[in-house]
Amino acid sequence: MYDKDKRKLLSALCHGSIFLSTLFVSVGIPIFIFFTSDDPVVKANAQESINFHLNVWVYGIILSVLIWVTLGLLVPLAGLGFLLHWGLTLLALFHVLSDTEKPFRYPFIFRPL
């Protein structure tokens, strides 16, 4: 049996790391945890967090281009994207801290990994 407290901590670190930075540094935490943990739920949470990071970056690039092309008319869309990004992350943190038996799955994301 796996340690539930350790599972909570590592899973929360995976999903919460996106709050640390929007740069590539924040994805290093779930990558490190993915390769060092032997807990299948923690590994699944790390993989999902990596996928979420990739989605945030891709959507951020798309939004930035659209904002630039429309001369700033779509700036409110960036705010909505920001709220969605933070809201989904908070939902993931709530899930992994309350249910340690199954990994969190972000809705509406592409999963290249």
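For the structure, see preceding data.
Computed from a predicted structure; not experimentally measured.

Peer 1: Hey, could you run me through the overall build of the protein in this one?
Peer 2: A count of helices and strands for the protein gives four helices and zero strands. Reading the secondary structure of the protein in the N-to-C direction produces α-α-α-α. Projected onto the principal axes, the alpha-carbon positions of the protein cover approximately 55 × 25 × 20 Å. Out of the 113 residues in the protein, the part that is buried amounts to 36%. A sequence separation of at least 24 residues applies to 68% of the contacts in the protein between residues at least 6 apart. A total accessible area of about 7,100 Å² is found for the protein, and carbon and sulfur atoms account for 77% of it. Of the charged side chains in the protein, 8 are positive and 7 negative, and the gap between their average positions amounts to 4 Å.

Peer 1: Is there a simple way to think about a nonpolar patch on the surface in this case?
Peer 2: The grouping of Val58, Tyr59, Ile62, Leu66 and Phe110 at the surface amounts to a nonpolar patch, some 470 Å² of accessible area in total. Mapped onto the elements of the fold, phenylalanine 110 is located in the segment after α4 (75–98). Residue classification places phenylalanine 110 among the exposed positions, given a relative accessible area of 58%.

Peer 1: Just checking my understanding: could you explain the pattern of salt bridges for this structure?
Peer 2: The tally for this structure, following the rule as stated, stands at five salt bridges. Among the ionic pairs, lysine 4 bridges to glutamate 101, the shortest N-O distance being 3.5 Å. Separated by 97 residues along the polypeptide, lysine 4 in helix α1 (residues 4–16) and glutamate 101 in the segment after α4 bring together distant segments of the chain. Using a relative accessible area of 42% as the deciding quantity, one classes lysine 4 as partly exposed. On the basis of relative accessible area, glutamate 101 is assigned to the partly exposed category, the value being 44%. As a salt-bridge pair, glutamate 48 and arginine 105 come within 3.8 Å of each other at their nearest N and O atoms. Of this pair, glutamate 48 sits in helix α3 (residues 40–69) while arginine 105 sits in the segment after α4, and the two are 57 residues apart along the sequence. We classify glutamate 48 as buried; its relative accessible area is 4%.

Cut-offs used in this document
- Residues numbered from 1 in each chain as written.
- Predicted model: local features only at pLDDT ≥ 70, side-chain atom pairs only at ≥ 80, totals over all residues.
- Heavy atoms only, no water.
- Helix = DSSP H or I, 4+ residues; strand = E, 2+ residues; numbered from the N terminus.
- Buried < 20%, exposed > 50% of the residue type's maximum accessible area, 1.4 Å probe, protein only.
- Contact = heavy atoms within 4.5 Å.
- Areas by Shrake-Rupley, 256 points an atom, 1.4 Å probe, with all protein chains shown as cover.
- Lys, Arg positive; Asp, Glu negative; His and termini not counted.
- Charge placed at Lys NZ, Arg CZ, Asp CG, Glu CD.
- Patch = residues over 30% accessible without salt bridge, like charges linked within 9 Å, V, L, I, M, F, W, Y side chains within 5 Å.
- Salt bridge = Lys/Arg side-chain N within 4 Å of Asp/Glu carboxyl O.

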